[in-house]
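Survey of secondary and tertiary structure
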Amino acid sequence: MPSTTAITVPQLSRLIGLPGAPAIVDVRIEEDYSADPRLLPASNRRDFKTVSTWASEFAGSRVTVVCQKGQKLSQGVAAWLRHEGVSAESLEGGFEAWRDAKGPLIHAGKIPPRDEKGRTVWVTRSRPKVDRIACPWLIRRFIDSSAVFLFVEAAEVSAVADRFQAVPFDIDNVFWTHRGECCTFDTMIEEFGLESEALDRLAVIVRAADTASLDRVPQAAGFLAASLGLSRMFRDDLEQLEAGMLLYDAFFRWCRDATEETHNWPGKPS
């Protein structure tokens, strides 16, 4: 009989990268984590022994708890979270099952330090068009769902990064930026170790739209048009980012599930 308090790897994999994905809490012991310091997308590392002190942070959230094998630690933490009124499940088979199924994993060492509230903080140029919406979408959906993004004048990005301990991206002479013909979105996918056919397909569209290579893939022109339209619709860059998240969610879902689907007006009856 299927467990009512666990989620399977295939079930979770269908949710990863989408706005309705659960918060993922990694409670592996340090020895197991050190042996493979990768994380499921957008994971929060927490100490299972102190669950009573941090459980309330997930109030109102849906949570998936991950330990090494999906046994005592994740099941115990999930049970404690449910005691605190949190909708929580353990991942069946744990980290090992996810890894063996070749689910996407993040190189934890590439994730920037977090602020006092546990958030990564990023800074880039204002008035985003393509790459500067694509990268925040990737970070929010796969790296840190609570990430903070600061949009400032181009000349001030470096100084703001220094003063506010923010990570600069999509500007010249920083780590997270264009490399050769690839854009910053490509760089992030590569550096974080995100192996995903859907993300690779989306990256081609983003790269074509961001680098004026619209003949590379048929979706690029429409994607660029939608991105430029959003830029004209919003004066506030954060409002534009929130609106743009839906665009990227839709294209990611198309890249994952709908590339073979076509649509046409029904033919006239004979």
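As a reminder, the structure under discussion sits directly above these lines.
Residues numbered from 1 in each chain as written. Predicted model: local features only at pLDDT ≥ 70, side-chain atom pairs only at ≥ 80, totals over all residues. Heavy atoms only, no water.

**Some details on the nonpolar core**
Put simply, the rule is: Throughout, nonpolar core names a set of buried Ala, Val, Leu, Ile, Met, Phe, Trp, Tyr and Cys residues whose side chains join them through atoms within 4.5 Å. Using a 1.4 Å probe on the protein chains alone, a residue whose accessible area is under 20% of its type maximum counts as buried, one over 50% counts as exposed, and one in between counts as partly exposed. What counts as a helix is a DSSP run of H or I of at least four residues, what counts as a strand is a run of E of at least two, and both are numbered from the N terminus. For this analysis, residues touch if any pair of their heavy atoms sits within 4.5 Å.
One finds Trp122, Trp137, Phe185 and Tyr248 to be the most contacted residues of the largest nonpolar core, which totals 60 residues. Those elements giving two or more residues to this core turn out to be helix H1 (9-13), helix H5 (94-100), helix H6 (131-143), strand S9 (148-152), helix H8 (184-192), helix H9 (197-210), helix H10 (220-233) and helix H11 (237-258). In this structure, Trp137 is in contact with Gly17, Phe142, Phe185, Leu199, Leu202, Met245, Tyr248, Asp249 and Phe252, ignoring residues within four places of it in sequence.

**Digging into the pattern of salt bridges**
For clarity, the threshold we go by: Here, a salt bridge means any side-chain nitrogen of Lys or Arg that lies within 4 Å of a carboxyl oxygen of Asp or Glu.
Here the structure, examined in full by the defined rule, presents 23 salt bridges. Across the pair Asp26 and Arg28 runs a salt bridge, and its minimum N-O distance is 2.9 Å. A salt bridge links Arg62 to Glu89; the shortest N-O distance between them is 3.5 Å. Taken as a pair, Arg62 in strand S5 (residues 62-66) and Glu89 in strand S6 (residues 87-91) lie far apart in primary sequence, 27 residues in all. If you follow the salt bridges from partner to partner, you end up with Arg14, Arg253, Arg256 and Asp257 in one network.

**Observations concerning the sheet that holds strand S10 (residues 167-168)**
To keep things clear, this is the line we draw: A pair of strands is labelled paired if DSSP reports no fewer than 2 bridges between them. Whenever a helix is involved, its axis is fitted only over the stretch in contact; in every case the axis is a line through C-alpha atoms, and angles between N-to-C directions fall within 0 to 180 degrees.
Strand order in the open sheet formed by 3 strands is S9-S8-S10, and the pairing between neighbours is parallel. This sheet does not close on itself; its edge strands, each paired only once, are S9 and S10. Lying over the sheet, H6 contacts strand S8 (121-125) and S9, oriented at roughly 165° with respect to S9.

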